[in-house]
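# Observations on the model geometry
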2 protein chains.
Amino acid sequence: MKKVMNDPQNIVQEMLLGMEASAPGFLKKLNGFDVIVNKDLKEERVTLISGGGSGHEPAHGGYVGKGMLDAAVAGPVFTSPGPDQILEGIKAIDKSKGVLIIIKNYSGDVMNFQMAVEMAEMEGINTDFVIVNDDVAVGESSQRRGIAGTVFVHKIAGARAITGASLKEVKETAQKAINNVRSKGIALDPCILPHNGQPSFQISSDKMEIGLGIHGEPGIKQTEVLTAREIAEDLVISLKEDLGLETGEKIAVMVNGLGATPLMELQVLFNEVAMLCQNSGIKIIKTYIGNYMTSLNMAGLSLTFLRTDQDLADLLNAPVCTLSFR
Amino acid sequence: MKKVMNDPQNIVQEMLLGMEASAPGFLKKLNGFDVIVNKDLKEERVTLISGGGSGHEPAHGGYVGKGMLDAAVAGPVFTSPGPDQILEGIKAIDKSKGVLIIIKNYSGDVMNFQMAVEMAEMEGINTDFVIVNDDVAVGESSQRRGIAGTVFVHKIAGARAITGASLKEVKETAQKAINNVRSKGIALDPCILPHNGQPSFQISSDKMEIGLGIHGEPGIKQTEVLTAREIAEDLVISLKEDLGLETGEKIAVMVNGLGATPLMELQVLFNEVAMLCQNSGIKIIKTYIGNYMTSLNMAGLSLTFLRTDQDLADLLNAPVCTLSFR
């Protein structure tokens, strides 16, 4: 298998140590736990934690820092972190003003993060949580997965938290972002898992998958490889319809690479998205193009629309200091 | 072939239009030319231009903006831009204080950029140039390729230029950065070229290449796939020896992904690099981990060391506003 690694058993720990070493000024790995925290956490305020299986870097450690997350818990590759790890993260950032937990909607994550919430409450820590389910490719919203739109939720909730808002207010802001964010992805080729060298799904050399999840969960359909224009049309129509976007509304856009997609291709795709939005009278107020929520070395991308009012736009634009979001 | 694109003939233009649309506040594509310029260029000062073949994104358009490049010229994929394109970029940013051209050391780039310099001089524009040759994998320094270390040269020269320094001073600063920067790369798998769907080089499924260039030029040797620790040792020793780094010296480090390498692997590699530097008494003052100078979807990475004094450190840390460097 071709991976830059040592023992696959240690890949997550070594990644976190590398992350800590790259930003010694503001990041710290909790000793004995796979948790990255903002070490510069001085204010008495609501704090934020997220996380999930590893393999989605820079999610979530890359979003820890002033104005965004205060801690990120990293499970094994594509596997939810255990409640004990999450609890340790919650305890490390608790400032007695409440801790908001941002969970991506996967059954393992929901179960383990909610268990950690209960454990934290038993230790007297005031907590609450939100569940991100932005992936329109999966039918009912209760079953929808959390994918790249989660990054906008981190940013917006984090910007609210540093204003000194209450736990209830920060949760309401996070939920408002969730209510206004939708994503949909496509994949050209699977990723290779570090522990067994196997591809995350099977696909022939002339096909692509629409609606695939970030762990290789099945998509809506397989099709021949579409052009950038056709892909953009499919994704934009899905997001617009699901959000009920109308002429004159404003959005932030993320074109997210899944790990092995050249930036050139993401920019070509965005060029189509920008034209489609212009033709529909939808105004793009801010654009993010790059690898934000990956799937190891999967080839493909997702498109995220966040409907913004002035409040959400201001929170998105507020100053932030993390490794991977600005 | 699996690429998110429309017609491969238009991929560079569509990429540049997407880049412009993603940053309408400060980037502009020159009409009719494959050149991205900083549209917010008001000061009368020395300006900077770089570029080369496309396929290395975010190089070079991602480095255009206040405090770094003023223009980037994008040739066809892996092919030097023509002198007319380069000349147009030079003319667009000329503020009568001189234009510095930063060239990566490839014969096509050197020929075409120097020809553009001559054409600009004939039009009365004061220009000068530097050539970046940071790749220690190729023997004599005059033949050494310019790779990821070029990004540090852009940043440092750009930070000097906005202080109002003269063309001679900006060139001297760029040359000082070049004299103190070294890089070396490894590749696990080739990239796929958009115009013909062919891999950029051949390699078997159990081998890796050491010292490969960013266009798939042959490396120093093929070997079995090494561990992250072994790769780090090879790269660190090469860079240290070539720079003549001694205990107590300070460096900035870049771990650069070639396009399809998960961030996880780059961070694992950096963890090893950080330990090796610590053991040698070399102090890392700043770290950059990510995709800075890619080769489409090549799997692999390069390591860059920049030896810093207070002057270079201050220039590296000076404020900057670009899409892809901060």
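A short tour of the structure in this document, coming up. (Residues numbered from 1 in each chain as written. Chains lettered and ligands numbered in written order. Predicted model: local features only at pLDDT ≥ 70, side-chain atom pairs only at ≥ 80, totals over all residues. Heavy atoms only, no water.)

Further remarks concern helix α8 (residues 310-317) of chain B. Residue and element names in this part refer to chain B. When we look at burial in α8, the residues that qualify are L312, A313, L315 and L316. Seen end-on, α8 carries its buried residues on one side only, within an arc spanning 165°. Those residues of α8 hidden inside the fold are in contact with α4 (149-161), α5 (167-179), β10 (250-257), β11 (283-290) and β12 (299-308). The distance from a side-chain oxygen at the start of α8 to the backbone nitrogen of D311 is 3.2 Å, and the residue carrying that oxygen is D309. (Buried < 20%, exposed > 50% of the residue type's maximum accessible area, 1.4 Å probe, protein only. Helix = DSSP H or I, 4+ residues; strand = E, 2+ residues; numbered from the N terminus. Arc of directions from axis to C-beta. Contact = heavy atoms within 4.5 Å. Polar contact = N/O pair within 3.5 Å; in protein donor to acceptor, adjacent residues only side chain to side chain.)

Moving on: unusual backbone geometry. Each neighbour pair has its own omega, and for E57(A) with P58(A) the value is 10°, a cis peptide bond. By the element assignment, P58(A) lies in the loop between β3 (47-54) and β4 (71-77). At F78(A), a position not held by glycine, the phi torsion is positive, near 60°. Considering the arrangement of structural elements, one finds F78(A) in the loop between β4 and α2 (83-93). Positive phi outside glycine occurs at S96(B), with the angle close to 70°. In this fold, S96(B) is placed in the loop between α2 (83-93) and β5 (99-104). Among the residues examined, S96(B) registers a relative accessible area of 64% and is labelled exposed.

Within a regular strand, side chains alternate between the sheet's two faces. Residues and elements named next belong to chain A. Across the eight residues that make up β3, a large majority, eight, are buried. Note that β3 and strand β5 (residues 99-104) share three bridges and pair parallel. Across the sheet, T47 pairs through a bridge with V99, a residue of β5. One ladder, built from six bridges, connects β3 with β4; its direction is parallel. Looking at the pairing, G52 lines up with A74 of β4. (Pairing = 2+ DSSP bridges.)

Moving on to the relation of the copies chain B and chain A. Two copies of a chain can be linked by a rotation about an axis combined with a shift along that same axis. Its rotation angle being 180°, the transformation that places chain B on chain A also includes 0.0 Å of axial translation and leaves an RMSD of 0.0 Å. Such values leave the two copies arranged in the relation of a two-fold axis. The C-alpha atom lying nearest the rotation axis in chain B is that of A260(B); the distance is 1.9 Å. Take the interface residues of chain B: 100% of them recur as interface residues in chain A, which is what a same-surface contact looks like. (Least-squares fit on C-alpha atoms with pLDDT ≥ 70 in both.)

With 58 residues of chain B at the interface, the matching set in chain A holds 58 residues. Here chain B meets chain A over a buried area of about 4300 Å², counting both sides, of which 61% is carbon and sulfur. Ranking the residues of chain B by area buried against chain A places K2(B), V4(B) and M264(B) at the top, with a combined share of 21%. Ionic pairing is found between E265(A) and K3(B), a salt bridge with its closest N-O pair at 3.8 Å. Inspection of the chain B/chain A interface yields 22 residue pairs in polar contact (both at pLDDT 80 or more). Broken down by secondary-structure element, the contributors of at least two residues to the side of chain B that touches chain A are α1 (11-22), β7 (181-189), α6 (228-243), α7 (263-280) and β11 of chain B. At ten residues, α7(B) tops the list of elements feeding residues into the side of chain B that touches chain A. In terms of residue class, the side of chain B that touches chain A is made up of 30 nonpolar, 17 polar and eleven charged. (Buried area = accessible area lost by both parts, 1.4 Å probe. Salt bridge = Lys/Arg side-chain N within 4 Å of Asp/Glu carboxyl O. Nonpolar A, V, L, I, M, F, W, Y, C, P; charged D, E, K, R; others polar.)

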